[in-house]
Amino acid sequence: MQYQSQAVAKPYFIAAIGLFVGQILFGLIMGLQYVMGDFLFPEIPFNVARMVHTNLLIVWLLFGFMGAAYFLVPEEAERELHSPKLALALFWIFLIAGALTILGYLLVPYAGLAKMTGNHLLPTMGREFLEQPTITKLGIVVVALGFLYNIGVTILAGRKTVVNLVLLTGLVGLAVFFLFAFYNPENLVKDKFYWWWVVHLWVEGVWELILGSILAFVLLKVTGVDREVIEKWLYVIIAMALITGVIGTGHHFYWIGAPEYWQWWGSIFSAMEPIPFFMMTVFAFNMVNRRRREHPNQAAVLWALGTAVMAFLGAGVWGFLHTLAPVNYYTHGTQITAAHGHMAFYGAYVMIVLTIISYAMPILRGQKAGNRSAQVLEMWSFWFMTVSMVFITLFLTGAGILQVWMQRYSDAPMAFMVVQEKIELFYWMREVAGLVFLIGLIMYVWSFFVKGDERVVASAATA
Amino acid sequence: MRAKTFPNAFVVWLILVLLTVATWVIGEAGLGGPLVVAVLLLSITLKGQLVADAFMGMRDVSSSWRWVVSGWLLIVTGLIGLAYWTGVH
Amino acid sequence: MNVLWPVQLQPDVNAIATPPAPRRVRDLPGDFAIWIFIYAELLVFGVFFLAYAFARAGNVELFNEHQQFLDRTTGAVNTLVLITSSLFAVRAVEAIRRGAAASCSRWLAMAVMSGGVFVVLKLIEFADKQEQGITLSTNTFYMFYLSLTFFHFMHVLMGMVILSAVAVKAYRGAYSASRHTGVETGASYWHMVDLVWIVLFPLVYVMH
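This section reports on the structure supplied with the text. Here the structure is a predicted model, which means the values were calculated and not measured.

Conventions used here
Residues numbered from 1 in each chain as written. Chains lettered and ligands numbered in written order. Predicted model: local features only at pLDDT ≥ 70, side-chain atom pairs only at ≥ 80, totals over all residues. Heavy atoms only, no water. Helix = DSSP H or I, 4+ residues; strand = E, 2+ residues; numbered from the N terminus. Rg over C-alpha atoms; globule rule 2.2 N^0.38 Å. Buried < 20%, exposed > 50% of the residue type's maximum accessible area, 1.4 Å probe, protein only. Contact = heavy atoms within 4.5 Å. Buried area = accessible area lost by both parts, 1.4 Å probe. Salt bridge = Lys/Arg side-chain N within 4 Å of Asp/Glu carboxyl O. Polar contact = N/O pair within 3.5 Å; in protein donor to acceptor, adjacent residues only side chain to side chain. Nonpolar A, V, L, I, M, F, W, Y, C, P; charged D, E, K, R; others polar. Core = buried A, V, L, I, M, F, W, Y, C linked by side-chain atoms within 4.5 Å. Expected span 1.5 Å × (residues − 1). Axes fitted to C-alpha atoms, helices over the stretch in contact; angles between N-to-C directions. Parallel < 35°, antiparallel > 145°, perpendicular 65-115°, else oblique. Left-handed = near helix turned anticlockwise from the far one by under 90°. Phe/Tyr/Trp six-rings, centres within 6.5 Å; stacked < 30°, edge-to-face > 60°.

The subject of this paragraph is the overall build of chain A. A tally of helices and strands in chain A yields 17 helices and 0 strands. A globule of 463 residues ought to have a C-alpha radius of gyration of about 23 Å, and chain A, at 22 Å, matches this closely. Here the C-alpha coordinates of chain A stretch approximately 65 × 45 × 45 Å along the principal axes. Taken across its 463 residues, chain A has 60% of its residues classed as buried. Within chain A, contacts between residues at least 6 apart in sequence are counted, and of these 81% link residues at least 24 apart.

How big an interface is tends to be reported as the loss of accessible area on association of its parts. Each partner contributes residues to the interface: chain C has 23 residues there, and chain A has 18 residues. Interface of chain C and chain A: buried area, both sides summed, is about 2000 Å²; carbon and sulfur atoms make up 82% of it. Along the contact surface separating chain C from chain A lie 1 salt bridge. Of the charged contacts in the structure, one is a salt bridge between lysine 232 of chain A and aspartate 31 of chain C, with a shortest N-O distance of 3.0 Å. Remark: the boundary between chain C and chain A carries 2 residue pairs in polar contact (both at pLDDT 80 or more). Broken down by secondary-structure element, the contributors of at least two residues to the side of chain C that touches chain A are α2 (32-58) and α6 (140-171) of chain C. When its residues are assigned to classes, the side of chain C that touches chain A shows 18 nonpolar, 3 polar and 2 charged.

Here we come to the arrangement of the chains. Contact analysis covers 2 pairs of chains in contact, and the most contacts occur between chains B and C. Over all C-alpha pairs, chain A and chain B never come within contact, reaching a minimum spacing of 15 Å.

Next up on the list: the nonpolar core. For soluble globular proteins, the rule of thumb is that nonpolar side chains tend to be buried together. Counting residues in hydrophobic clusters, the biggest one holds 248 residues, and the most contacted among them are Tyr70 and Trp207 of chain A, Ile80 of chain B together with Phe49 of chain C. Those residues within four positions of tryptophan 207 of chain A in sequence are excluded, and the remaining contacts are Leu61, Leu62, Phe65, Leu174, Trp202, Phe345 and Tyr349 of chain A. Within the second largest apolar cluster, 14 residues are counted, among which are Ile29, Ile102, Tyr105 and Leu113 of chain A.

For the rest of this paragraph, the subject is α6 of chain C. Because an α-helix packs 3.6 residues into every turn, residues spaced three or four apart end up facing the same way. Residue and element names in this part refer to chain C. Compared with the 46 Å implied by 1.5 Å per residue over 32 residues, the 46 Å span of α6 between its first and last C-alpha is a close match. The opening residue of α6 is asparagine 139, an N-cap whose side-chain oxygen sits 3.0 Å from the backbone nitrogen of phenylalanine 141. Glycine 173 sits one or two positions beyond α6 and adopts a positive phi of about 80°.

A word on the packing of helix α6 (residues 162-178) of chain A against helix α7 (residues 188-223) of chain A. Residue and element names in this part refer to chain A. Here α6 crosses α7 at 160°, and the two axes come no closer than 8 Å. With respect to their mutual orientation, α6 and α7 come out roughly antiparallel. Crossing angle aside, the handedness with which α6 passes α7 is left-handed. Of α7, the residues touching α6 (which contributes Val163, Val166, Leu167, Thr169, Gly170, Leu171, Gly173, Leu174, Phe177 and Phe178) are Trp197, Val198, Leu201, Trp202, Val206, Trp207, Leu209, Ile210, Ser213, Ile214, Ala216 and Phe217. Taken together, the residues of the contact of α6 with α7 break down into 18 nonpolar, 4 polar and no charged.

Attention now moves to the environment of leucine 121 of chain A. Structurally, leucine 121 of chain A is set in the loop between α4 (110-116) and α5 (134-157). The spacing of leucine 121 of chain A and threonine 134 of chain A is 13 residues in sequence and 9.0 Å in space, taken between C-alpha atoms.

Before going further, it helps to examine the side chain of threonine 334 of chain A. Residues and elements named next belong to chain A. Take threonine 334: it is sitting in the loop between α12 (325-331) and α13 (335-364). Within the structure, the side chain of threonine 334 is placed 2.7 Å from the backbone oxygen of threonine 331, a separation counted as a polar contact. With near-sequence residues (within four places) excluded, threonine 334 lies in contact with Gln403, Val404 and Arg408.

Residues and elements named next belong to chain A. Scanning the entire structure with this criterion turns up 78 aromatic pairs over all chains. Between phenylalanine 391 and phenylalanine 395 the ring centres are 5.9 Å apart and the planes differ by 40°, which places this aromatic pair in the tilted class. Residue phenylalanine 391 and its partner phenylalanine 395 are located together in helix α14 (residues 372-409), separated by 4 residues, close to a single helical turn. Of the residues examined, phenylalanine 391 reaches a relative accessible area of 39% and is grouped as partly exposed. The class of phenylalanine 395 is buried, set by a relative accessible area of 18%.

This part is about the pattern of salt bridges. As enumerated under the stated definition, the model contains 16 salt bridges over all chains in all. Residue arginine 127 of chain A pairs with aspartate 191 of chain A through a salt bridge whose shortest N-O separation is 2.9 Å. Taken together, the residues span a long stretch of sequence, with arginine 127 of chain A in the loop between α4 and α5 and aspartate 191 of chain A in helix α7 at a distance of 64 residues. By relative accessible area, which is 7% here, arginine 127 of chain A ends up buried. Between glutamate 184 of chain C and arginine 97 of chain C there is a salt bridge, with its nearest N and O atoms 2.7 Å apart. Here arginine 97 of chain C lies in helix α4 (residues 72-97) and glutamate 184 of chain C lies in helix α7 (residues 181-206), a separation of 87 residues in the sequence. By relative accessible area, glutamate 184 of chain C is classed as buried at 8%. With relative accessibility at 25%, the residue arginine 97 of chain C sits in the partly exposed group. Each of Glu76, Arg227 and Glu231 of chain A takes part in one network of salt bridges that share partners.

With 49 residues of chain C at the interface, the matching set in chain B holds 44 residues. The largest share of the area that chain C buries against chain B comes from Tyr39, Met207 and His208 of chain C, three residues that together contribute 14% of it. Along the contact surface separating chain C from chain B lie 1 salt bridge. Where chain C touches chain B, the interface holds 11 residue pairs in polar contact (both at pLDDT 80 or more). Mapped onto the side of chain C that touches chain B, the elements with two or more residues apiece are α2, α4 and α7 of chain C. When residues of the side of chain C that touches chain B are assigned to their parent elements, the largest contribution, 14 residues, is made by α2 of chain C. Class assignment for the residues of the side of chain C that touches chain B results in 32 nonpolar, 9 polar and 8 charged.

Below, the discussion takes up helix α3 (residues 84-107) of chain A. All names here are of chain A. Look at α3: 34 Å from first C-alpha to last across 24 residues, which is about the 34 Å you get at 1.5 Å a residue. When α3 is considered as a whole, its buried residues turn out to be Ala87, Leu90, Phe91, Phe94, Gly98, Thr101, Ile102, Gly104 and Tyr105. Buried positions along α3 lie against α1 (9-35), α2 (46-77), α4 and α5.

Written out as structure tokens, the structure is:
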């Protein structure tokens, strides 16, 4: 660890992994509820499990992004973090607020939670992914502002690298677009329209900047390729991501009552969204092929390459599958969307956070890399989680294709629930794949506790 | 050394101007139909290749990279031609 | 100097067997990254052009009817402005290759000013359409006309920003006969903006 203050990243990473485990458990509960509708009813109804599953994902990714920022910003800026104390205080505020919100979802009926938290004063609740009570949303804003202040001051006072500036831009964008979570117009079309400004412009806009800069940072460290080279790639990738992603928002506006031209704009621009992801894959493999050193942390290299490939497949290819308006006419809101959502979130954002954790955690624990046994286990966990996610995606895609065929495309369309019963087998297989994912996740967590001969790694590094 | 290569940038510019004026004349005359479309597409391809070769300097670049721009021109004009053809029938 | 060459495209196996011929082939002018960007931009525009062409195939009469109301003269003048501007950019690159930084800066400034002429003419054209009450929702033809020209318009502005930055750097003596990647990079982008308009003008304004 080059700077003492980088240590504040550690609790963020630990919390991220902890919430990740929670997310997967609720995912499994929900997956089972797909085929056993009354499982855990009335304690955890499907809608609550779904809310917890998606909200935990967002919260733990945010923990991961913040941890990543606290780790890499001081190193890039070549100075200590402006205020490690503030970072720690915000950590606890965010964790407690997050935990209370999740408990609120689980223990109180949603309408009751809305009443308790004074939603009527400024109604923002009840929208997918933005279910958090208004006070939690305000808390997120406070945490985000404190966080941006902390790393912003550090970056502006220190060495300004492209990695740092792109990361800061992405994080500022994240905070700015979250403000649309407070805009909740009566008009349902407008409501949906601006709702996407949070959801889409996060994951297909500013988050890609965060992803790109973290990936660039890790590649810089593990390959030793010239900074100049990596920075140029980063510039081009984020430029492409923004050109395609911002207007690409239109692929959500096809059927919500927005003007018709969005069908063209959305189709054309979002069809190009795979390009920056493809460039990211070329970038990652290229840098690793041109590496100037063998970094002892081979697990981090694997995660970095995995991120590039899976982000391209999940966000790029699976996104493209149903992004064109004539296709989307039949596929929107089916299991195709779920398939894309799973692989894109895993491939792009889960994996980039696991990449930076994989790289940073050993350093935060006073080693250059984990010992060989720990790395081997971590790499196995990579393959378990990644392969099972591929299968989850494939099963959901299969379910989605059948669903589109029977419920949408057919001359004599069947009812929703009838179709759901017919594709039950796919849901069972998805659940099994989900269990394998959980095994991979347990292996991943376990890998942090594996002890081994540290010298082996040190000698392997020079070999 | 580059400046001596024929056609030099000024000659290319002159050809581009003439082709553009021709396009404008066709437009003002209201000419249309398959033959005119073909002529216009040919003129687009020629102009595009001239810009790529003489202005962008692709003439001296290794053929793979040069072909990306030429290929783009051919695919785009070719498919535009196809789309116009399907519009006629 | 090209640091970003991603793959060895032609592994020089023959070089061992046969004596090397005098090589005329050189790297792409300017920074390699801008070329990835240019190719990606060409792809975006290419798809947009084809969407226009195929949408027209389904609405030939609508497209033909409204196309005749476009301002072809302004469009043609703007084509001349852009190709002339491109020529200025070529001269700027030639100048810096000779090491004439002041001349390079002047040519670039002229290229930017030509871009300014394009912008003014385009704004007049847009204002005229707006006065007639034409919007993106008027019909599919105008949707494409406005989208394509506006998207290209944004690229002209972007190109002007890039060229201005390069011109200022050239004026300050940041480039020389041996180091001028920035000039080539900016010029390459500007030619791309020109190239796209060369397809756009006949396609949208004239072809029917």
